[in-house]
Amino acid sequence: MKNFNWLQFLVYIIVAAGLLFLTKSFLMSLGIFMLLLLIDQLLAVYERRRNNRDEE
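Thresholds applied
- Residues numbered from 1 in each chain as written.
- Predicted model: local features only at pLDDT ≥ 70, side-chain atom pairs only at ≥ 80, totals over all residues.
- Heavy atoms only, no water.
- Phe/Tyr/Trp six-rings, centres within 6.5 Å; stacked < 30°, edge-to-face > 60°.
- Helix = DSSP H or I, 4+ residues; strand = E, 2+ residues; numbered from the N terminus.
- Buried < 20%, exposed > 50% of the residue type's maximum accessible area, 1.4 Å probe, protein only.
- Lys NZ or Arg CZ within 6 Å of the ring centre and 35° of its normal.
- Axes fitted to C-alpha atoms, helices over the stretch in contact; angles between N-to-C directions.
- Left-handed = near helix turned anticlockwise from the far one by under 90°.
- Contact = heavy atoms within 4.5 Å.
- Nonpolar A, V, L, I, M, F, W, Y, C, P; charged D, E, K, R; others polar.

Student: I'm lost on the packing of aromatic side chains in this one. Help?
Tutor: What characterises a pair of aromatic rings is the spacing of the ring centres plus the angle enclosed by the ring planes. According to the stated counting rule, one finds two aromatic pairs in the structure shown. Consider the rings of Tyr12 and Phe33, whose centres lie 6.0 Å apart with planes at 90 degrees: the pair is edge-to-face. Note that Tyr12 is positioned in helix α1 (residues 6-23) and Phe33 in helix α2 (residues 26-55), a separation of 21 residues in sequence. Judged by relative accessible area, which is 17%, Phe33 ranks as buried. In this structure, Lys24 is placed above the aromatic ring of Phe21, and the distance from its NZ or CZ to the ring centre is 4.5 Å.

Student: Looking at this model, I keep getting lost on the packing of α1 against α2. Mind explaining?
Tutor: Two numbers describe a pair of packed helices, the interaxial angle and the distance between the axes. Between α1 and α2, the shortest axis-to-axis distance is 9 Å and the interhelical angle comes to 145 degrees. Both α1 and α2 take part in a crossing whose hand is right-handed. Contacts from Gln8, Tyr12, Val15, Ala16, Leu19, Leu20 and Thr23 in α1 reach Phe26, Met28, Ser29, Ile32, Phe33, Leu36, Leu37 and Asp40 in α2. Per-class residue counts for the contact of α1 with α2 are 11 nonpolar, three polar and one charged.

Student: Where do I start with unusual backbone geometry in this structure?
Tutor: Most peptide bonds adopt trans geometry, and most residues besides glycine take a negative phi value. The phi angle at Lys24 is positive, at roughly 60 degrees, despite the residue not being glycine. One can find Lys24 in the loop between α1 and α2. A residue is classified by how much of its surface remains accessible, and Lys24, at 66% relative accessible area, is exposed.

Student: I would appreciate a short explanation of the side chain of Ser29 in the present structure.
Tutor: Mapping Ser29 onto the fold places it in helix α2. The exposure class of Ser29 is buried, given its relative accessible area of 6%. When sequence neighbours within four positions are dropped, the list of residues in contact with Ser29 reads Leu19, Leu20 and Thr23.

Student: Sorry if this is basic, but what is going on with the environment of Ile14 here?
Tutor: Tracing the sequence through the fold places Ile14 in helix α1. Once the C-alpha coordinates of Ile14 and Tyr46 are considered, the two residues, 32 residues apart in sequence, prove to be 25 Å apart.

See the structure below:
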């Protein structure tokens, strides 16, 4: 099992709360947050591939 990153989880909670406060709409906040998570995951995959290519 992977280690759970509490700091990243805390940042996600703060961003989600901020989005909810700014938009005053749960569904819009959910959509924006899902897009942010998707972008975060895509950047992580890109960085992992780039580091693997540099090591070869």
